[in-house]
Amino acid sequence: MATEPIAEEVVGKCVDSHGSAIGMPQLCFDWFPNQIFWLVVTLVVVFLVLSRVALPRIAAILAERQGTITNDLSAAEDLKAKAVEAEEAYNKALADARAEAQRIAAETRAEIQSELDDAIAKADAEIAAKAAESEKAIAEIRAGALESIQLVAKDTAAELVTTLGGQADATAIEGAVDARMKG
């Protein structure tokens, strides 16, 4: 027997005689209508599954997140407003405290100044009284000193007159000393 080359019969453009695909079956134009049909069926099933199951869950989660974000932003604005109010209250309290401290300091200064003025007036009065007493004592001492000086001058004049050999006349010596003391 002679071997004859087996000729391959081409059944179609995409399938050989053994039923195998020639090349890539996805690229065979004869099979495009069948592939397009199953592609459309698959896409419709995927769309239905997504639209009925997955997308509602995702939408619910997104709505919940949006609600949470909105609530959080609202709470943050409320807290910010409260913080601004608290800061204003703090600043007002601080200003009031400073004003009160200044008022108290002014009152204390006035009170201390009043007490100081009273103490100075009392000290001035005491000093004036002591000065008057001192002047009185000095006047008494002067008066006593003048009397002593007159007495010593009279005794000395009488002794001088007697020593010089004269007769000491008490009225004449007293008159001379008095005249000299008056200036």
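These numbers were taken from a predicted model, which means no experiment stands behind them. (Residues numbered from 1 in each chain as written. Predicted model: local features only at pLDDT ≥ 70, side-chain atom pairs only at ≥ 80, totals over all residues. Heavy atoms only, no water.)

Draft legend 1. Molecular detail of the overall build of the protein. Scanning the protein from terminus to terminus reveals two helices and zero strands. Relative to the 2.2 N^0.38 estimate, which gives 16 Å for 183 residues, the radius of gyration of the protein is 68 Å and therefore markedly larger than a compact globule would have. For the protein, the spread of C-alpha atoms along the three principal axes comes to 215 × 45 × 25 Å. Evaluated residue by residue, the protein yields a buried proportion of 3% over its 183 residues. Contacts in the protein between residues at least 24 apart in sequence constitute 19% of all its contacts with a sequence separation of at least 6. As presented, the protein carries roughly 15800 Å² of accessible surface, and 63% of it is formed by carbon and sulfur atoms. Charge separation in the protein, taken as the distance between the mean sites of 17 positive and 30 negative side-chain charges, equals 4 Å. (Helix = DSSP H or I, 4+ residues; strand = E, 2+ residues; numbered from the N terminus. Rg over C-alpha atoms; globule rule 2.2 N^0.38 Å. Buried < 20%, exposed > 50% of the residue type's maximum accessible area, 1.4 Å probe, protein only. Contact = heavy atoms within 4.5 Å. Areas by Shrake-Rupley, 256 points an atom, 1.4 Å probe, with all protein chains shown as cover. Lys, Arg positive; Asp, Glu negative; His and termini not counted. Charge placed at Lys NZ, Arg CZ, Asp CG, Glu CD.)

Draft legend 2. Broad picture of the pattern of salt bridges. Per the stated rule, a full pass over the model turns up four salt bridges. Residue Asp-96 pairs with Lys-92 through a salt bridge whose shortest N-O separation is 3.1 Å. Remark: Lys-92 and Asp-96 occur in helix α1 (residues 32-163); sequence separation between them is four residues, near one turn of the helix. Taking relative accessible area as the criterion, Asp-96 reaches 42% and is therefore assigned partly exposed. Each of Glu-100, Arg-103 and Glu-107 takes part in salt bridges that share partners, so that together they form one network. (Salt bridge = Lys/Arg side-chain N within 4 Å of Asp/Glu carboxyl O.)

Draft legend 3. View of the UniProt feature "coiled-coil region" (unreviewed entry) in the protein. Mapped onto the present numbering, the UniProt feature "coiled-coil region" (unreviewed entry) falls on residues 76-142. The distance from the first to the last C-alpha atom of residues 76-142 is 95 Å, and the span holds 100% helix and 0% strand. (UniProt positions renumbered as here; feature names shortened; annotations may be inferred.)

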